[in-house]
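# Tertiary structure, described
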Amino acid sequence: MAQSKSKNPKDSKDQEANKALSSVVRSFVACPRCSFFLVGYRLIHDDFAEAGSNHQDNWLHLTWNSATRSLVQKNFGWWIGVDATHYEGICQDCRRVFIYGGLTDGKNLESFEVQIKPG
Ligand SMILES: [Zn+2]
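Reference entry: report on the structure contained in this document.

Reading the values: the criteria
Residues numbered from 1 in each chain as written. Predicted model: local features only at pLDDT ≥ 70, side-chain atom pairs only at ≥ 80, totals over all residues. Helix = DSSP H or I, 4+ residues; strand = E, 2+ residues; numbered from the N terminus. Buried ≥ 20, exposed ≤ 12 C-beta atoms within 10 Å, placed from the backbone. Contact = placed C-beta atoms within 7 Å. Pairing = 2+ DSSP bridges. Axes fitted to C-alpha atoms, helices over the stretch in contact; angles between N-to-C directions. Core = buried A, V, L, I, M, F, W, Y, C linked by C-beta atoms within 7 Å.

Let us look at the overall build of the chain. In terms of helices and strands, the chain carries four helices and four strands. For the chain, the succession of helices and strands along the chain, N to C, is α-α-α-β-α-β-β-β. Looking at the chain as a whole, 16% of its 119 residues qualify as buried. Here the contacts in the chain between residues at least 6 apart in sequence split such that 54% fall between residues at least 24 apart.

Given below as structure tokens:
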């Protein structure tokens, strides 16, 4: 008989990561608007699974670029200009917070943080 794979520490680590990720996805799917954002984000970027399974707190650190900018605009109606240094948006439906941090003196990378569980 085959041994159970759950004894392999790498597999159980993967399982933990999968559990963390599906709990993140569930909290987005609870809101139609945020669910639509998530689907769009995953079409543009392939790092959501990593962000969703490695988060340490209630925040996801996502990738910001011009495609993310137009997704946010279409989905939430926020226009975050290229010269913006800081922007906080709140989902009209579930009150999830999205925080954009812009370039400071051209030194820092742009950041985009999204609350996992609103409220
Ligand atoms: Zn929402």
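On to the pairing of strand β2 (residues 86–90). With five bridges connecting them, β2 and strand β3 (residues 97–101) associate as antiparallel partners. In the sheet register, Y87 faces β3, and the bridge partner there is Y100. The loop that links β2 with its antiparallel partner β3 comprises six residues; one of these, R95, has a positive phi angle of about 70°.

Strand order in this open sheet of four strands is β1-β4-β3-β2, and the pairing throughout is antiparallel. Where the open sheet ends on each side, the last strands, each with one partner, are β1 (59–62) and β2. Sheet twist, expressed as the average angle between the axes of neighbouring strands with direction ignored, equals 20°. Two strands pair when backbone bridges link them, and β1 and strand β4 (residues 111–115) are joined in this way by four bridges, in the antiparallel orientation. Pairing of L62 across the sheet is with F112, part of β4.

The next subject is the pairing of β4. As paired strands, β3 and β4 are joined by four bridges and run antiparallel to one another. Within the sheet, the bridge partner assigned to F98 lies in β4 and is V114.

Further remarks concern the nonpolar core. In this structure, F28, C34, F37, L38, Y100 and V114 are the most contacted members of the largest nonpolar core, which totals 14 residues. At the level of secondary structure, the elements contributing two or more residues to this core comprise α1 (9–29), α2 (32–44), α4 (66–76), β3 and β4. Broken down by element, this core gets its largest block of residues, four residues, from α2.

Moving on to the environment of V72. Relative to the helices and strands, V72 resides in helix α4. Placed 14 residues apart in sequence, V72 and H86 show a C-alpha to C-alpha distance of 15 Å. With sequence-adjacent residues up to four places away left out, V72 is seen in contact with W78 and I80.

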